[in-house]
Amino acid sequence: MEYEFPECNSFGTVIRFGLELERAATNIYDELSRDSKLVAGADTFRALSVVHKKRGDLLEYTRREKLNEMILEPIQDLDAKKYIIDTKAPKGVDIKAAARYAAGVEERSSMFYADSAKIAKNLLSEGARILERMAKENLANKAKLEAL
Amino acid sequence: MAVLSEVKKDYGKVRNFVNGEWVDSATKSWLDVKNPATTETIAKVPLSTKEEMTKAIEAAQEAWWAWRETPPVSRARVMFNLKAIMEREFENIARIISQEQGKTIDDARGETRRCIENVEVASGITTLQMGYNLEDGAAANIDEEVIISPLGVFGAVCPFNFPGMVPFWFWPYAVATGNTFILKPSEQVPLTSQYVFKLIEEAGFPPGVINLVNGREDAVNAMFDHKDLKGISFVGSTPVAKWIYKRGGETGKRVQAQGGAKNSLVVMPDAKLDNTVNNTLSSFYGCAGQRCLAGSNLVGVGDIADPLIRKFVEASKRIKVGYGLDESSNMGPVISEAAKKKVLGYIDQGVKDGAKLLLDGRNIKVPGYEKGYFIGTTVFDDVTPDMKIAKEEIFGPVVSFLRMKSLDDAIEFIHKCPFGNAASIYTQNGRWARDFRYKVQCGNIGVNIGIVAAMAYFPFAGYKDSFFGTLHGQGKDAVSFYTDRKVVITRWF
């Protein structure tokens, strides 16, 4: 699976970055849920895959509903490279290692959404609220993974 | 970042849609439709003949009475169908807009949303078109009422800068109120309408209710010359808007004609600098400056001028110019070689007139798109009110920076301009904002907003040489434009 994380120089590219994060997370959890060595976490991984698919749909909705020519302001202070996640799910590891890896993905995603929300606040308050909520949700997902 | 895929590379011959049928034009005159970023020909558009436009008007007239008798709630249902279909096709519409017009995909998505919003508003026609009455309104036992009635066939002549949105300022209201319609899109960007009309066909409008005729002067003249066409909506340059208005007067048509603009963004000493600069950037450079709401003059009042221009130039340098379908582009090309030449001519003129060129976008090269009609962000300092670049519509990503001593000076400068489309003020001072809103003779006023784009349920306004007519596009104004008030006084013996 190939992912393209763009530079984040507009609200649209922030959403595109988020869409890539969510697509990657969905696939990562799908893979983990199918790994026969990780049966103990399969239900959690499956559920998180669904969660991330829905988050992708929410971002798509946000892009379609909230972007208009009044808020096409360029963003110039978000270094996208900091938020790129490792999209290769580990193979042959135990449940603790898999959960640790996935928790890392959630943490980095949370950082991305939290930082984007701060920048988006001035541009698009509705968008910022959605990003803030997603950042919190990432941390809740991380907690679930750490309990495995 | 990879470039998003195009819906098609080559759209072939553009067709007309008349009386519910797709028809090839019989004209011998065809133009190339070019992707302005690649300059590749992506379609051929016919310059339909006068006879073809006449046929379309006749089909629309034929369809009118049955459509007028269709209850408003049923007309609204077809609009609801269209809304659902357009949501399904949202991304394709946006990509075609970007491909043929050049604007960034986010800008095109915003435009697509605006199209749909107009369909949504027109779907509320059952309340929008409701008349009013007064029992015993004329005298005892004599009631009086007003019925809001459609008039027949209307048409629109649309510009290149918003191939999706501008037609939707008009036709949904005309059709929802019970009229029939002919759309003539810009010959430079006919593909969005070509695609959208397939969706209109799918939505279930009866044959003849909405028709598409591609072309140029011949088609427009045929509209004016036909007795059954009741009115024309137009958006384009001021000279053509004036001509349209005059022709409408001569031929007894209703006309709403939106012309050009020269919009000033006034920054007061107390403005929040970072937010202001960011917001003005999208006003000056969105759609490569080819919006009638685009900022063109940046006016710094008092002490803020120096820090403002410094920050503005720095931020302008970071605007990424590229193909609109590359999601990381902040700005695309202008529409054509001719448009590029015209804008470059204004930059040369500015230099000749003594303005200081702080940022020169004339020689920009966009890797992979070397032939494209790109112009980089361009900023002039030391512009004076008498210079051409401060007075005339440039329609490109060129910013003229002027320094003024007071808000009154800025307002006086705005009032000397023959256009009156939009103006914005950036301030934290309510009194200044109120004075600006009250005094400035422009149709669209922004307070800490650089693009004063009215939503579908508000009119897209404009004063002076920016608008000819009385009723604007969108919302209640559009409903009034496409209908008339019929007064009925009733007594029963």
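Residues numbered from 1 in each chain as written. Chains lettered and ligands numbered in written order. Predicted model: local features only at pLDDT ≥ 70, side-chain atom pairs only at ≥ 80, totals over all residues.

Considerations on the interface of chain A and chain B
Okay, step 1: With 20 residues of chain A in contact, the opposing surface of chain B contributes 25 residues.
Okay, step 2: Secondary-structure elements contributing two or more residues to the side of chain A that touches chain B are α1 (11-34) and α2 (42-66) of chain A.
Okay, step 3: For the side of chain A that touches chain B, the per-class residue count stands at 5 nonpolar, 7 polar and 8 charged. (Contact = placed C-beta atoms within 7 Å. Helix = DSSP H or I, 4+ residues; strand = E, 2+ residues; numbered from the N terminus. Nonpolar A, V, L, I, M, F, W, Y, C, P; charged D, E, K, R; others polar.)

Some words on the sheet that holds strand β5 (residues 132-139) of chain B
Strand pairing in a sheet relies on backbone hydrogen bonds. The paired strands run either parallel or antiparallel.
Residues and elements named next belong to chain B.
Okay, step 1: With antiparallel pairing, the 3 strands of this open sheet are ordered in space as β5-β6-β22. Single-partner strands in this sheet number two, and they are β5 and β22 (483-491). Put simply, the sheet's adjacent strands are angled 30° from each other on average, direction ignored.
Okay, step 2: As paired elements, β5 and strand β6 (residues 142-150) share 4 bridges and run antiparallel to each other. (Pairing = 2+ DSSP bridges. Axes fitted to C-alpha atoms, helices over the stretch in contact; angles between N-to-C directions.)

Things to note about the domain arrangement of chain B
All names here are of chain B.
Okay, step 1: According to the domain assignment, chain B contains domain 1 (16-259 + 467-491) and domain 2 (263-447).
Okay, step 2: On a C-alpha basis, the centroid separation for the pair domain 1 and domain 2 is 31 Å.
Okay, step 3: Between domain 1 and domain 2, the contact holds 19 residues from the first and 23 residues from the second.
Okay, step 4: If you list the elements that add at least two residues to the side of domain 1 that touches domain 2, you get α3 (90-101) and α4 (105-122).
Okay, step 5: Counting residues per element, the side of domain 1 that touches domain 2 draws most heavily on α3, at 4 residues. (Domains from an automatic or database assignment.)

Here's the deal with the sheet that holds strand β13 (residues 295-301) of chain B
All names here are of chain B.
Okay, step 1: Read across the sheet, 7 strands follow the order β14-β15-β16-β13-β12-β18-β19 without closing on themselves; strand pairing throughout is mixed. The open sheet has two edge strands, β14 (356-359) and β19 (444-447), and neither has a second partner. The sheet shows a mean angle of 20° between the axes of neighbouring strands, taken without regard to direction.
Okay, step 2: In the sheet, β13 pairs with strand β16 (residues 398-404) via 5 bridges, with the strands oriented parallel. Looking at the pairing, G300 lines up with R403 of β16.
Okay, step 3: Sitting on the sheet, helix α12 (residues 337-352) touches β14, β15 (378-381) and β16, and the angle it makes with β16 is about 35°.

A short note on the pairing of strand β12 (residues 263-267) of chain B
All names here are of chain B.
Okay, step 1: Judged by how many residues are buried, β12 sits mostly within the fold: 5 of 5 residues are covered.
Okay, step 2: Neither face of β12 is left uncovered, since the one carrying N263, L265 and V267 and the one carrying S264 and V266 both have all their residues buried.
Okay, step 3: With 5 bridges connecting them, β12 and β13 associate as parallel partners. Bridging from a neighbouring strand, N263 pairs with G295 of β13. (Buried ≥ 20, exposed ≤ 12 C-beta atoms within 10 Å, placed from the backbone.)

As for α3 of chain B
All names here are of chain B.
Okay, step 1: Across its 12 residues, α3 extends 16 Å between first and last C-alpha, which sits within 8% of the 16 Å expected from 1.5 Å per residue.
Okay, step 2: With 9 of 12 residues buried, α3 lies mostly within the body of the structure.
Okay, step 3: Along α3, the positions that sit buried rather than exposed are I93, A94, R95, I96, I97, S98, Q99, E100 and Q101.
Okay, step 4: Buried residues along α3 sit in contact with β3 (30-34), β4 (41-46), α2 (72-88), α4 and α7 (191-203).
Okay, step 5: Where α3 terminates, the next one or two residues include G102, which has phi positive at roughly 105°. (Expected span 1.5 Å × (residues − 1).)

A closer look at the environment of V14 of chain A
Residue and element names in this part refer to chain A.
Okay, step 1: For V14, the position within the fold is in helix α1.
Okay, step 2: Judged by the 28 C-beta atoms lying within 10 Å of it, V14 falls in the buried class.
Okay, step 3: Separated by 98 residues in the primary sequence, V14 and F112 have C-alpha atoms spaced 9.2 Å apart.
Okay, step 4: Other than its neighbours up to four places away in sequence, V14 contacts C8, I75, L78, S116 and A120.

Observations regarding the environment of A99 of chain A
Residue and element names in this part refer to chain A.
Okay, step 1: If you trace the backbone, A99 turns up in helix α3 (residues 95-123).
Okay, step 2: In this structure the C-alpha to C-alpha distance between A99 and T44, which are 55 residues apart in sequence, comes to 10.0 Å.
Okay, step 3: If sequence neighbours within four positions are ignored, A99 has contacts with G41, L145, E146 and L148.

Some thoughts on the packing of α2 of chain A against helix α4 (residues 125-146) of chain A
The axes of two packed helices give the description: the angle between them and the distance between them.
Residue and element names in this part refer to chain A.
Okay, step 1: One way to put it is that α2 packs onto α4 with a least axis distance of 11 Å and a crossing angle of 175°. Here α2 is positioned roughly antiparallel relative to α4, judged by the angle of their axes. From α2, T44, L48, V51, R55, L58, T62 and K66 reach across to α4, where they touch E126, G127, I130, M134, N141 and K144.
Okay, step 2: Taken together, the residues of the contact of α2 with α4 sort by class into 5 nonpolar, 4 polar and 4 charged. (Parallel < 35°, antiparallel > 145°, perpendicular 65-115°, else oblique.)

Some points on the environment of D465 of chain B
Residue and element names in this part refer to chain B.
Okay, step 1: Take D465: it is sitting in the loop between β20 (463-464) and β21 (467-468).
Okay, step 2: For D465, a count of 20 C-beta atoms within 10 Å gives the class buried.
Okay, step 3: For the pair D465 and P418, spaced 47 residues apart in sequence, the C-alpha separation works out to 5.8 Å.
Okay, step 4: Filtering out sequence-adjacent residues up to four positions away, D465 remains in contact with T238, G259, P418 and F419.

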